[in-house]
Amino acid sequence: MKKQDGRKAGEARFDDPWYDALASGWGEWDGAGAPAPAVPPQAAPQERSASSIYLEVQQSAAFREVRSRYRRFVVPAVAIFLTWYLAYVVAATTAPGLMGRHVVGAVNVAMVAGLGQFLSTFVLTWAYARHARLRRDRAALDLRWDTQELTRGIGR
């Protein structure tokens with residue numbers, strides 16, 4: 001690593017647009033002539049364990065609401081998709097006359113239903129992602145953030 005601009009190794013450039021004053025320990029000084037520690041010392045160890053914090057979060061109303069929103073979408077969606085899939089398989093094995101009927105040219109009902117399986121998979125994936133983005137992601141992210149804040153410093 002080359003020494004640039006004649007500066008000392010620990011000297012910070014404040015005219016640098018990428019300089020982040022919050023990143024202590026990266027070439028900054030503590031005021032006593034020594035480099036600042038990279039991680040500030042913890043004031044007092046927390047008495048709660050991580051498992052008790054996670055249990056508390058799991059029993060919270062916000063967590064139950066996120067799980068409820070998830071179940072309200074997933075259970076009916078899985079039931080509808082599995083019913084559609086089983087109907088296709090049963091029709092293909094028990095009703096070859098129906099599945100062999102021509103729709104347009106060489107395209108028959110079985111081909112249309114098979115392509116419908118692919119289409120329904122893509123639609124279900126899109127609907128799940130949209131539902132998660134609009135109804136669950138923000139609340140789940142808030143829960144995760146709160147949990148991380150509560151468990152910060154435990155186990156060090």
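Everything numeric in this text was worked out from a predicted model, so none of it was measured.

A. Structural context of the pattern of salt bridges. Enumeration over the complete set of coordinates arrives at 3 salt bridges. Among the salt bridges present, the one from Glu 149 reaches Arg 152, with a minimum N-O distance of 3.4 Å. One network of salt bridges, in which partners are shared, links Glu 65, Arg 69 and Arg 72.

B. Quick look at the packing of aromatic side chains. The final tally for this structure, using the stated rule, is 1 aromatic pair. Here the aromatic rings of Phe 73 and Tyr 128 are separated by 5.9 Å at their centres, their planes lie at 50°, and the arrangement is tilted. Here Phe 73 is found in helix 2 (residues 61-94), whereas its partner Tyr 128 is found in helix 4 (residues 109-151), with 55 residues between them in sequence. A residue is classified by how much of its surface remains accessible, and Tyr 128, at 34% relative accessible area, is partly exposed.

C. Broad picture of helix 2. With 34 residues, helix 2 should reach 50 Å at 1.5 Å per residue; the first-to-last C-alpha distance of 48 Å fits that figure. The set of residues buried in helix 2 consists of Val 66, Phe 73, Val 74, Ala 77 and Ala 91. Elements that come into contact with the buried residues of helix 2 comprise helix 3 (96-99) and helix 4.

Rules used in this analysis
- Residues numbered from 1 in each chain as written.
- Predicted model: local features only at pLDDT ≥ 70, side-chain atom pairs only at ≥ 80, totals over all residues.
- Heavy atoms only, no water.
- Salt bridge = Lys/Arg side-chain N within 4 Å of Asp/Glu carboxyl O.
- Phe/Tyr/Trp six-rings, centres within 6.5 Å; stacked < 30°, edge-to-face > 60°.
- Helix = DSSP H or I, 4+ residues; strand = E, 2+ residues; numbered from the N terminus.
- Buried < 20%, exposed > 50% of the residue type's maximum accessible area, 1.4 Å probe, protein only.
- Expected span 1.5 Å × (residues − 1).
- Contact = heavy atoms within 4.5 Å.

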